[in-house]
Amino acid sequence: MRAVDGVSFDVKRGEVLCIVGESGCGKTTTGKALLRLVDTTEGDIFFEIPEEEYRRYETMRSRGGPERAAQTDAIRRKYSFSWKEQLAWDTRQILTVLGAFAAAFILGLGLPALAAGLFRAALVNSAFLLAASLLCGLLIGMAGSLPPTRISARTPGMLGLLAILAVNLFPLLAAKEFPTSLPTASADLFGVWSAVWGPGFFGMLAGIVLAPAAAGGASKILLGRRRETEGLQAIKMRTLRRRLHLIFQDPYESLNPKQSVFEIVSEPLVVNRIAHDPEEIAALVGQSLEDAGLRPAEEFVLRFPHELSGGQRQRVSIAAALALQPDFIVADEPVSMLDVSIRTEILQLMMELREKRGLTYLFITHDLSLAWILADRIAVMYLGKIVEQGTAEEVISHPKHPYTQALISVVPSPDPRHLAKRTILKGERPDAVNIPGGCRFHPRCPVAFENCGWSADEVAEELKSLSTAGVLPGIAQMEAQNPWTVALAVVPGTTPEAFIETFRHVVKEHRDSRRALKAIAGVRARGGYVYVKLHQGSEPRLVELEPGNTVACHLVTAPAEAPHALPA
Amino acid sequence: MVRNVLESRCRERRHALLRRLAGGDSIPLLTVKGLKTHFETQDGIVKAVDGVDFTLGEGESLGLAGESGCGKTTAALSIMRLLPSNGKIVNGTIDYQGYDLATIREAQLRAIRWKHISIIFQGAMNALNPVKRVGDQIAEPVILHDKVDKEAAMKRVGELLELVGIHRERAREYPHEFSGGMRQRVMIAMALACNPRIVIADEPVTALDVMIQAQILELLERLKRELDLSMILISHDLSVMAETCDSMAIMYAGKIVERGSVRDVYKNSKHPYTKDLIGAFPDIEGPQTLPAYIPGLLPSLINPPLGCRFHPRCKFAWQLCVDQEPGLDPVGEGHLAACHLNTTTPPRKEVA
């Protein structure tokens with residue numbers, strides 16, 4: 001199921017972006033994906049990306065090519081918090097890493113071995129063994145964590161294992177090369193091994209603990225440094241969650257009924273280790289409650305959600321979101337469960353906080369009139385895609401997509417003139433599991449035409465309903481032969497030619513009320529059957545009409561290729 | 001069956017028209033006078049509906065609006081006498097064709113419920129039984145009230161489903177197989193099962209999407225026209241009401257504060273609460289500013305404020321509003337409002 005499918009938008013600091021759409025169009029999923037409450041399958045969510053970096057990313061992405069891919073990946077690694085290291089290692093990277101390991105092995109093994117050759121009995125000297133293990137571990141840890149390697153949580157562990165292998169190999173090699181360094185020379189490898197490690201506790205410590213610890217530690221420190229300079233992924237999601245927050249839709253269900261207001265608001269402070277001192281926590285909680293309009297705070301801290309009215313509960317939600325001093329808030333239908341008389345108060349509070357704290361909002365709503373009064377920019381979503389985006393003025397006063405136009409037309413209004421203009425769409429939105437081809441909106445679109453992506457099944461369905469209504473007699477059987485052809489068998493007694501005559505007539509008459517008939521490009525008789533050919537449809541691209549105003553509709557942009565029918 | 005009903009409806013309608021032409025006003029179908037419904041709770045007696053009068057004419061649709069908790073739903077449930085066990089109609093009459101629904105025996109009431117007055121309950125998500133097929137649920141009142149066998153009832157169910165725009169084969173499905181809008185249609189079909197004359201719709205489009213909302217409202221309007229229903233529409237959304245109703249009554253804290261035709265109430269409101277409520281809705285055709293809001297909360301219905309109940313939140317309130325309760329007085333033709341502003345001139349505000 002593709003709940004959100006190729007959505008791009010940006011929210012500038014201090015801006016209010018409204019996402020509008022019917023329920024199930026993917027609004028909430030988008031909001032959750034932004035906070036990584038839902039993992040994305042594909043795509044990037046950039047946070048605080050400088051303008052020029054983003055422009056660089058955009059141009060490089062549009063040009064493509066392997067080199068550019070590496071550069072875009074560098075940007076994504078740095079700013080995108082949905083970034084996951086999942087690309088295959090390329091040859092250059094593998095070779096460099098192998099080279100680095102080889103060098104580390106040679107140094108980590110060779111140098112101590114050389115020393116062992118020079119100093120007699122060095123191999124059974126614990127101080128020497130410890131120093132050698134430490135050196136070996138550090139070298140491996142460092143070599144394995146330098147740039148071409150990927151930043152991954154597993155790296156230190158892997159390097160630790162390698163270090164164990166290295167320090168255990170070293171005495172064997174040393175003993176083989178310089179037999180004199182061992183007082184009691186044994187012939188077989190195991191004998192040598194036990195002669196070196198066996199006698200002392202220090203040996204065991206060095207081989208098993210010290211070297212891998214040194215390797216892991218060095219690797220961790222190095223990777224940590226690299227993360228700070230290279231990646232956002234690294235700044236753990238939890239630190240990021242302090243700055244991004246969510247206000248849920250239903251204040252009756254989003255608050256834990258067993259927690260007091262104080263517990264609800266202080267929880268994020270405790271979890272994120274912002275404050276430890278009880279007095280400090282109390283002060284912060286009081287401050288957030290007062291900011292959220294629950295004054296005086298002392299009166300509310302000890303209450304439980306059931307003792308509060310709907311508006312007060314939503315204020316508690318807002319207070320809990322504010323406690324961490326976030327920069328960005330995703331508000332998922334924050335007022336849809338509230339009474340009209342309280343709604344404005346909450347909205348006003350949210351807008352005041354925007355001024356006061358410089359907050360940025362992503363406002364999710366199904367109510368266009370709410371979007372109109374709140375948003376700087378509006379994005380209209382349908383079935384997981386943004387169909388229109390622009391400033392509130394552009395989207396509401398001059399809607400270009402038929403879906404936006406229909407949505408605006410059904411907003412209830414006391415003006416009787418408004419009633420006449422209503423376009424009520426037929427049916428409900430299709431299932432996100434089974435998304436229509438071409439433009440997703442075409443089955444419900446009042447102005448859909450040839451290229452909107454009608455399938456043979458849809459046309460066959462429409463012909464069938466015409467046939468059952470008695471408008472189009474003479475069809476015995478009907479089948480969608482392939483996506484662009486419908487095959488018909490006429491009833492005995494009618495010639496295909498005569499049928500085609502009536503067919504043409506009926507289609508001409510009904511194509512404005514039954515939009516699927518628009519897709520019919522031609523009809524032909526062959527071998528006693530009638531074949532109906534369809535126009536080829538395509539999915540409309542999201543086109544930028546003006547900076548920031550994008551629309552995805554064939555009516556706005558003519559499809560790239562000229563309409564033509566495929567052979568039957 | 002449907003045709004018979006339609007014909008008899010047409011006849012009734014003609015009669016009503018004739019009566020109107022003869023000079024008399026349209027005879028009210030339902031008259032509610034001085035209705036008081038109180039609930040007994042641990043904290044005291046909650047006066048949820050405290051003296052409500054309204055009439056519903058033949059073929060009229062009346063909107064009952066107000067904030068949640070103002071007593072809209074209680075008023076509607078009182079008409080059907082479907083109150084919870086702690087609720088009681090303590091005073092007033094509900095006159096339906098000579099029967100006082102507030103006092104008649106339960107058995108008599110049962111004959112009126114659903115056959116004459118039916119209700120579309122709030123929250124289609126919860127009002128349907130999840131473990132019974134939709135068709136069986138609609139058939140239930142048909143079998144019970146029309147005394148027909150299962151087969152005839154199922155035939156009627158098919159007709160009803162087609163009437164509300166659902167394929168008749170879906171009668172075999174369970175509620176979870178329907179979307180929100182479709183469930184609402186099922187609820188409507190259920191309310192229409194016994195050809196009632198009055199349908200009470202309690203928040204029929206709340207919690208539905210705008211597009212589905214428009215579909216359901218269009219359906220209700222069509223049914224009202226085709227079946228000649230009288231309707232009481234309960235909603236908190238004034239613009240929905242303005243689109244579908246003929247007249248509307250605004251309730252506040254258990255009382256009607258303003259009543260009249262939709263045009264009068266909306267364009268020429270005579271009560272500050274109505275004005276505030278209308279002003280609280282964002283207007284997509286208006287300026288891009290936050291709408292106004294009504295400060296404060298709905299008062300407690302156990303100890304409602306003395307005098308005018310709206311005075312603690314009213315920006316025009318003066319001493320008289322605290323001392324004396326305003327009556328629902330006519331302010332225009334068929335337009336009533338309960339506010340002292342309409343009958344007395346307020347004292348000039350002293351300049352601070």
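Residues numbered from 1 in each chain as written. Chains lettered and ligands numbered in written order. Predicted model: local features only at pLDDT ≥ 70, side-chain atom pairs only at ≥ 80, totals over all residues.

A separate point is the overall build of chain B. Check the secondary structure of chain B and you find 12 helices and 12 strands. The C-alpha atoms of chain B give a radius of gyration of 21 Å, which matches the 20 Å a tight globule of 352 residues would have. The principal-axis extent of the C-alpha atoms belonging to chain B is close to 75 × 50 × 45 Å. Residues counted as buried form 47% of the 352 residues belonging to chain B. (Helix = DSSP H or I, 4+ residues; strand = E, 2+ residues; numbered from the N terminus. Rg over C-alpha atoms; globule rule 2.2 N^0.38 Å. Buried ≥ 20, exposed ≤ 12 C-beta atoms within 10 Å, placed from the backbone.)

Let us look at the overall build of chain A. Each helix and strand counted, chain A has 20 helices and 12 strands in total. Among the 568 residues that make up chain A, the fraction classed as buried is 40%. Long-range pairs, those at least 24 residues apart, make up 69% of the contacts in chain A between residues at least 6 apart in sequence. (Contact = placed C-beta atoms within 7 Å.)

To continue, consider the interface of chain B and chain A. With 33 residues of chain B at the contact, the number on the chain A side is 32 residues. At 6 residues, the largest contribution of residues to the side of chain B that touches chain A is made by helix 8 (residues 210–227) of chain B. Taken together, the residues of the side of chain B that touches chain A sort by class into 18 nonpolar, 8 polar and 7 charged. (Nonpolar A, V, L, I, M, F, W, Y, C, P; charged D, E, K, R; others polar.)

Turning our attention to the domain arrangement of chain A. Domain boundaries in chain A define domain 1 (91–230), domain 2 (247–325) and domain 3 (454–534). Look at where the C-alpha atoms of domain 2 of chain A and domain 3 of chain A centre, and you get two points 64 Å apart. (Domains from an automatic or database assignment.)

A few words on the sheet that holds strand 2 (residues 244–247) of chain A. Residues and elements named next belong to chain A. Taken in spatial order, the 8 strands make up an open sheet running 2-3-4-1-5-6-12-11, and their pairing is mixed. Strand pairing shows two members of the sheet lacking a second neighbour, strand 2 and strand 11 (543–546), which therefore form its edges. Along the sheet, successive strands turn relative to each other by an average axial angle of 20°, direction set aside. Of the pairings in the sheet, the one linking strand 5 (residues 377–382) to strand 6 (residues 385–391) comprises 6 bridges and is antiparallel in character. (Pairing = 2+ DSSP bridges. Axes fitted to C-alpha atoms, helices over the stretch in contact; angles between N-to-C directions.)

Moving on: the packing of helix 10 (residues 261–271) of chain A against helix 13 (residues 310–322) of chain A. All names here are of chain A. Packing of helix 10 against helix 13 brings their axes to within 7 Å, and their N-to-C directions diverge by 30°. In terms of their interaxial angle, helix 10 and helix 13 are classed as roughly parallel. Crossing hand, helix 10 versus helix 13: right-handed. For the pair formed by helix 10 and helix 13, the contact residues are Val261, Ile264, Val265 and Pro268 on the first element and Val316, Ala319 and Ala320 on the second. Here the residues of the contact of helix 10 with helix 13 sort into 7 nonpolar, no polar and no charged. (Parallel < 35°, antiparallel > 145°, perpendicular 65-115°, else oblique. Left-handed = near helix turned anticlockwise from the far one by under 90°.)

Another aspect to go through is the confidence of the model for chain B. All names here are of chain B. Across chain B, the average pLDDT comes to 85, with 91% of residues at or above 70. Looking at the elements of chain B, mean pLDDT is at its lowest for helix 1 (residues 2–21), recorded as 55, and at its highest for strand 7 (residues 198–202), recorded as 93. Scoring of the predicted complex yields 0.77 for pTM and 0.81 for ipTM. (pLDDT = per-residue confidence, 0-100.)

Per-residue pLDDT for chain A has a mean of 79; in total, 82% of the residues score no lower than 70. For the stretch residues 559–568 of chain A, pLDDT sits under 50, and the model shows 19 contacts to residues farther than four places along the chain or on other chains.

Our focus in this paragraph is the sheet that holds strand 8 (residues 230–235) of chain B. Residue and element names in this part refer to chain B. Taken in spatial order, the 8 strands line up as 6-7-8-3-9-10-12-11 in an open sheet, and their pairing is mixed. The open sheet has two edge strands, strand 6 (117–120) and strand 11 (329–332), and neither has a second partner. Taking the axes of each pair of neighbouring strands and ignoring which way they run, one obtains an average angle of 25° across the sheet. Of the strand pairs in this sheet, strand 10 (residues 255–261) and strand 12 (residues 335–337) are connected by 2 bridges, and their pairing is antiparallel.

We now examine the domain arrangement of chain B. Residue and element names in this part refer to chain B. Here chain B is described as being made up of domain 1 (1–116 + 196–304) and domain 2 (127–187). Taken over C-alpha atoms, the centre of domain 1 sits 25 Å from the centre of domain 2. Opposite the 10 residues of domain 1 that make contact, domain 2 presents 10 residues. Ranked by residues supplied to the side of domain 1 that touches domain 2, first place goes to helix 8 with 4 residues. Tallied by class, the residues present in the side of domain 1 that touches domain 2 amount to 8 nonpolar, 1 polar and 1 charged.

All names here are of chain A. Summarising the sheet, strand 7 (residues 475–482) and strand 8 (residues 485–490) pair through 6 bridges and their orientation is antiparallel. Directly across from Ala480, in strand 8, lies its bridge partner Val486. Two successive antiparallel strands, strand 7 and strand 8, enclose a turn made up of 2 residues.

So, on to the nonpolar core. The tendency in soluble globular proteins is for nonpolar side chains to be buried as a group. Counting residues in hydrophobic clusters, the biggest one holds 197 residues, and the most contacted among them are Cys18(A), Ala319(A), Phe363(A), Val380(A), Val459(A), Ile232(B) and Ile250(B). Beyond its immediate chain neighbours, meaning those up to four positions away, Ile250(B) contacts Ala65(B), Gly66(B), Ile256(B), Val257(B), Glu258(B), Val265(B), His271(B), Tyr273(B), Thr274(B) and Leu277(B). Core analysis: the second largest hydrophobic core is formed by 20 residues, Cys136(A), Leu139(A), Ala163(A) and Ala166(A) among them. (Core = buried A, V, L, I, M, F, W, Y, C linked by C-beta atoms within 7 Å.)

Here the focus is helix 8 of chain B. An ideal rise of 1.5 Å per residue puts 26 Å on 18 residues; helix 8 of chain B measures up with 25 Å between its terminal C-alpha atoms. When helix 8 of chain B is considered as a whole, its buried residues turn out to be Val210(B), Met211(B), Ile212(B), Gln213(B), Ala214(B), Gln215(B), Ile216(B), Leu217(B) and Leu220(B). Those residues of helix 8 of chain B that are buried lie in contact with helix 17 (402–409) of chain A together with helix 7 (180–191), strand 7 and helix 9 (238–244) of chain B. Positive backbone phi, at 55°, marks Asp228(B), one or two positions downstream of helix 8 of chain B. (Expected span 1.5 Å × (residues − 1).)

Right, let's talk about helix 14 (residues 340–357) of chain A for a bit. Here helix 14 of chain A contains 18 residues, and its C-alpha end-to-end distance of 26 Å stays within 8% of the 26 Å for a straight helix at 1.5 Å per residue. Contacts from the buried residues of helix 14 of chain A go to helix 13, strand 3 (328–332), strand 4 (360–365) and helix 15 (368–374) of chain A together with helix 11 (272–279) of chain B. Just past helix 14 of chain A, the residue Gly358(A) takes up positive phi, approximately 65°.

So, on to the packing of helix 10 of chain A against helix 11 (residues 278–291) of chain A. Residues and elements named next belong to chain A. Packing of helix 10 against helix 11 leaves a shortest axis separation of 10 Å and a crossing angle of 115°. In terms of orientation, helix 10 lies roughly perpendicular with respect to helix 11. The crossing of helix 10 and helix 11 is right-handed. Here Phe262, Val265, Ser266 and Leu269 of helix 10 lie close against helix 11, whose contacting residues are Ile281, Leu284, Val285, Ser288 and Leu289. Among the residues forming the contact of helix 10 with helix 11, the class breakdown is 7 nonpolar, 2 polar and no charged.

The next point concerns the pairing of strand 11 of chain B. Residue and element names in this part refer to chain B. Both strand 11 and strand 12 contribute to a ladder of 3 bridges, which runs antiparallel. What sits directly across from Gly332, in strand 12, is His335. Turn length for the strand 11-strand 12 hairpin, with the two strands adjacent in sequence and antiparallel, is 2 residues, and the turn residue Gly334 shows positive phi of about 65°.

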